[in-house]
Amino acid sequence: MPQIASYDEVKANRRQREIPGGYAWRTDFIKPPEGVKNAPMAFLAEGTPGRVIPPHFHDADQFQVIVSGGGALGKHDLKIHAVHFSRAHTPYGPLVANHEGLGFLTLRAQWDPGAQYLPESREKLKSVPGRKPWQVTEMPKFDGPGEVNVHTFSRIRNDEGLAVWSLSLKPHARTAAPDPAAGNGQYIIVTRGSLAYQGREYKAIAIAFVKPEEGAFPLVAGPQGVEALVLNYPRRPAGAAVREPVAAKPAVQYRVWQCALCAFTYDEAKGMPDEGIAPGTRWEDVPASWTCPDCSASKDDFQMSVIG
């Protein structure tokens, strides 16, 4: 049977700890039994304005969903309801809260020992056999004129079952979530409104976890309607890579440099105009102080990947 919990039910277990410059809080929604590793874990992490979580990685595939405040992950803006997926052993960060603080859901289909920080765990990370680092962030869409509106994420997906959908339902409208059988478990996140399930109303924020064999979860909107995210984990062989589109070969011989830690790529042909690096800027001319946007690695951690 699917596991489901709302913030109203779990807020009593919210735990506070002091951190440099403020406080951090953790609220468990779904917690694996002691010693059980093949079980989901979901919790809300919150921090005061300016909190910084250093670059790190995890042993498990992971979704994160922004639910309050804002900030940045590496050099990427984080906004309400942004969804970030990181494959196991992919470093990311730093995670920096803005002036409002930052609250995000951390969601895994299996137990994970916790953050492994860089540079302390650098050698362990590089020694993982068959590691295929990859991460991506995408914003949902909840608009639409119908009783039930469904949008499929275009970037967070692959052929091994990884997929994300955003849904909006008018009051009391009904549908079913996508079948979880193709993946390695599925989370349903109520971001606004409420969901009716087995005679109860689960108000946002609410989280449900559905195992692959449990079938499509019934979605029934509450009296105010509902907005929700459906997050499917990939079912894949260890080390399998996401199939990425192959870029057209440039007319000029430009090179692509790849971060050895998180797989972010710098394409000389494209540059990074948002950071003042013009298209066509050679790697040698990128400032020595520049760091990886996804995991903050230095230029020394990049290797030439492709010659155009």
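Please refer to the structure placed before this passage.
All of the points below concern the structure found in this document.

## What to know about the environment of Tyr266
- Structurally, the position occupied by Tyr266 is in strand 21 (residues 265–267).
- When the C-alpha atoms of Tyr266 and Leu231 are compared, they prove to be 29 Å apart, with 35 residues separating the residues in sequence.
- If near-sequence neighbours (up to four positions away) are discounted, Tyr266 is found in contact with Arg255, Val256, Trp257, Gly271, Met272, Ile277, Thr281, Trp283 and Val286.
- A polar side-chain atom of Tyr266 sits 2.8 Å from the main-chain carbonyl oxygen of Thr281.

## A few points about the environment of Phe142
- Counting through the fold element by element, Phe142 comes out in the loop between strand 12 (135–138) and strand 13 (148–152).
- Expressed as a C-alpha distance, the spacing of Phe142 and Pro49, which sit 93 residues apart in the sequence, is 28 Å.
- Among residues more than four places away in sequence, those in contact with Phe142 are His81, His151, Ser166, Leu167, Ser168, Thr191, Glu227, Ala228 and Leu229.

## Examining the side chain of Glu227
- Among the structural elements, Glu227 can be located in strand 19 (residues 218–232).
- Ignoring anything within four residues of it in the chain, the contact list for Glu227 reads Phe142, Leu167, Ser168, Ile189, Val190, Thr191 and Arg192.

## A few points about unusual backbone geometry
- The omega angle of the peptide bond from Gly93 to Pro94 is 0°, so this bond is cis rather than trans.
- Summarising the element assignment, Pro94 is placed in the loop between strand 9 (83–86) and strand 10 (95–108).
- Between Ala204 and Ile205 the backbone carries a cis peptide bond, its omega angle lying at 0°.
- Tracing the sequence through the fold places Ile205 in the loop between strand 17 (200–203) and strand 18 (206–210).
- If you check the backbone angles, His172 has positive phi at about 70° while not being a glycine.
- With respect to the element layout, His172 can be found in the loop between strand 14 (163–169) and strand 15 (174–176).
- The class of His172 is exposed, set by a relative accessible area of 53%.
- Despite not being glycine, Gln198 has its phi angle at roughly 50°, a positive value.

About the criteria used
- Residues numbered from 1 in each chain as written.
- Predicted model: local features only at pLDDT ≥ 70, side-chain atom pairs only at ≥ 80, totals over all residues.
- Heavy atoms only, no water.
- Helix = DSSP H or I, 4+ residues; strand = E, 2+ residues; numbered from the N terminus.
- Contact = heavy atoms within 4.5 Å.
- Polar contact = N/O pair within 3.5 Å; in protein donor to acceptor, adjacent residues only side chain to side chain.
- Buried < 20%, exposed > 50% of the residue type's maximum accessible area, 1.4 Å probe, protein only.

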